[in-house]
Amino acid sequence: MNTVTRPRILVVGAGFAGVECVRRLERRLSPNEAEITLVTPFSYQLYLPLLPHVAAGVLTPQSIALSLRRSSKYRTRIIPGGAIGVDLKAKVCVVRTITDRIVNEPYDYIVLAPGSITRTFDIPGLTDHAFGMKTLAEAAYIRDHVISQLDLADASQDPVERASRLQFVVVGGGYAGTETAACLQRLTHAAVKRYTRLDPALIKWHLIDIAPKLMPELGEKLGRDAQRILTRRGIDISLGVSIAKAAPEEVTFTDGRVVPTRTLIWTAGVVASPLIATLGAETVKGRLAVTAEMCLPDHDGVFALGDSAAVPDLAKGQEGAVCPPTAQHAMRQGRHVAENLIATLRNQPMRPYVHKDLGLVVDLGGTDAVSKPLGVELTGLPAQAVARGYHWSALRTGVAKARVAANWALNAVAGDDFVRTGFQARKPAKLKDFEYTDAYLTPEQVRERVAEADRAKP
């Protein structure tokens, strides 16, 4: 085959699912079999579960940003931008590049793995005043912000301002919220010892969630253990509670309490990327409805997986069960989709995706953790060893593994540092500034743009 006739494979998204798919395609397909293109605004894969460690300064940002160009078999063309619409009939993906130029990218096969965005609600002031914890920039920004609150509180002569700067609110009792609150609380607890004018008793962390239990996926016992560990550290946990409204200097809870704070971190779940809505296809709770082979029904050459797809969970054996949006499933789905796509190219049968969950790990910082590998409930150091061992082994490159191991070792020996990197010197950036949810087109806009491009052809 020559370069003109090679099938064009377009992969959207460089998360766990998209990167695993691309890497498997590169290894299993010869250069003559297909042309592979990846659409992503960043040329790295973010190891999302370790973001709280970046926010706490335990890991450096580059430790969990795995370059996509280090592979020895690297040959994928990367389009630096985000997909903002897909015309399934015309087989065209509309991409907004990082320079804000909009281009049409044709394909023969498309793998939709755009991931998810932070789930928000119509709460007054939420997107204007809350921070998210979904991107590398947000984690680094939050670290700067939290340390700056200690600096500003130390410099303030106003006891009311000082008290508000030393209260922190995290919304979301899932893995992201719990680990974020746990890691950042450890950071402020260690840092306040270096601020002789600050009373440590003024520092207060709040973890709230509308659910009746903390991390219910862990089970009754481990959920209670995690709650006990955090409470012992001084984190105030409120369940069955959410945010009624947010303001620059205070947050109102749904139970009527008003907490003076300059720090609201929102981690209350995720929803599928807005790209899915541009397809005009059937969805299940916002996620694209796909077959067990991760194909989009009635559309040849379209695969979807990861957080944005409702992949049937055949391992559970329950009608209607879908795989949860976890890294564990996304990585395996990425490899599986690559094999199914290769099978399609070679006129071979596809296989359904089946994977039994291997368990859950929650790193609470220091020697604290709760884990449930293969159904075995662990706490303390054994749980911490399992949690960090799992994350370390899941890192894709040897360079990333070396960096993370060195960072963990250095932090264990030397403790925390409290250096701000300068993000706070720039314009304040909140949740609405990081996820660009207003950039996507409607299905009608996608079709009109593709039609205009066709009419403009000579």
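Heads up: the structure comes first, above all this text.
Small disclaimer: the values here were computed from a predicted structure and weren't measured.

(A) View of the pairing of strand S1 (residues 8-12). Of all five residues in S1, four are buried, a share of seventy percent or more. Two elements, S1 and strand S2 (residues 35-40), share five bridges in a ladder whose sense is parallel. For Arg8, the partnering residue across the bridge sits in S2 and is Glu35. Sheet analysis places S1 next to strand S8 (residues 109-112), joined by four bridges and oriented parallel. Within the sheet, the bridge partner assigned to Val12 lies in S8 and is Leu112.

(B) How the structure looks around unusual backbone geometry. Positioned with a positive phi, Asp100 is a non-glycine residue whose angle comes to about 75 degrees. Relative to the helices and strands, Asp100 is located in the loop between strand S6 (92-97) and strand S7 (102-106). Looking at Asp100, the relative accessible area reads 57%, which means it is exposed. Positive phi, normally seen in glycine, also occurs at Met215, with a value near 45 degrees. With respect to the helices and strands, the residue Met215 is situated in the loop between strand S11 (204-209) and helix H7 (220-232). On the basis of relative accessible area, Met215 is assigned to the buried category, the value being 0%.

(C) Region of interest: the packing of aromatic side chains. All chains considered together, the criterion is met by five aromatic pairs. Ring centres of Phe16 and Tyr47 lie 5.4 Å apart, and the angle between their planes is 85 degrees; this geometry places the pair in the edge-to-face category. Taken as a pair, Phe16 in helix H1 (residues 16-28) and Tyr47 in the loop between strand S3 (44-46) and helix H2 (51-55) lie far apart in primary sequence, 31 residues in all. There is no split in this pair, since Phe16 and Tyr47 are both buried. Here the aromatic rings of Phe121 and Trp266 are separated by 6.2 Å at their centres, their planes lie at 75 degrees, and the arrangement is edge-to-face. With Phe121 in the loop between strand S9 (116-118) and helix H3 (126-129) and Trp266 in strand S16 (residues 263-266), this residue pair connects regions lying 145 residues apart in the sequence. Seen from the ring of Trp392, Lys401 lies directly overhead, with NZ or CZ sitting 5.1 Å from the centre.

(D) Representation of the sheet that holds strand S14 (residues 250-253). Pairing within the open sheet is antiparallel, and its three strands lie in the order S13-S14-S15. What marks the edges here is a single partner per strand, and that holds for strand S13 (243-247) and strand S15 (258-260). Strand-to-strand twist across the sheet, computed as the mean angle between neighbouring axes with direction ignored, equals 15 degrees.

(E) How the structure looks around the side chain of His336. With respect to the helices and strands, His336 occurs in helix H8 (residues 327-345). For His336, the residues in contact, after removing those within four places along its chain, are Met294, Arg351, Pro352 and Tyr353.

(F) Main features of the nonpolar core. Judged by nonpolar contacts, the single largest core of 113 residues is most densely connected at Leu25, Ile64, Val86, Ile110, Leu112 and Trp205. Broken down by element, the residue count for this core peaks at eight residues, all from helix H4 (residues 136-155). Here Trp205 is in contact with Val146, Phe168, Val170, Leu184, Gln185, Thr188, Gly234, Ile235, Asp236 and Ile265, once residues within four sequence places are set aside. Counting 16 residues, the second largest nonpolar core, distinct from the first, contains Ile123, Leu126, Ala130 and Val241.

(G) Summary view of the environment of Ala387. Take Ala387: it is sitting in helix H9 (residues 380-394). Along the primary structure Ala387 and Asp363 are separated by 24 residues, whereas in three dimensions their C-alpha atoms are 6.1 Å apart. Discounting chain neighbours no more than four positions away, the residues touching Ala387 are Val361, Asp363 and Ser371.

The rules behind the values
Numbering of residues starts from 1 in each chain and follows the order in which that chain's sequence is written. For a predicted model such as this one, the threshold for reporting local features is a pLDDT of at least 70, and the threshold for listing and counting side-chain atom pairs is 80 or more; totals across whole chains, interfaces and linings nevertheless cover every residue. Where side-chain values are given, they derive from all heavy atoms of the structure, hydrogens and water being excluded. Remark: exposure states derive from per-residue accessible area (1.4 Å probe, protein chains only) relative to the maximum for the residue type, with buried under 20%, exposed over 50%, and partly exposed in between. Strands are runs of DSSP state E lasting at least 2 residues, helices are runs of H or I lasting at least 4, and numbering of each runs from the N terminus. In this analysis, strands are considered paired if DSSP registers two or more bridges between them. Centres within 6.5 Å make a pair out of two Phe, Tyr or Trp rings, where for Trp the six-membered ring is used; the pair is then stacked when the planes are under 30 degrees apart, edge-to-face when over 60, and tilted otherwise. Think of it as a cone above the ring: NZ of Lys or CZ of Arg counts as a charge over the ring if it is within 6 Å of the ring centre and within 35 degrees of the ring normal. Axis geometry follows a simple rule: fit a line to the C-alpha atoms, using only the stretch in contact for helices, then measure angles between N-to-C directions, giving values from 0 to 180 degrees. Throughout, a residue-residue contact means that at least one pair of heavy atoms, one from each residue, lies within 4.5 Å. By nonpolar core is meant a set of buried Ala, Val, Leu, Ile, Met, Phe, Trp, Tyr and Cys residues that side-chain atoms within 4.5 Å join together.

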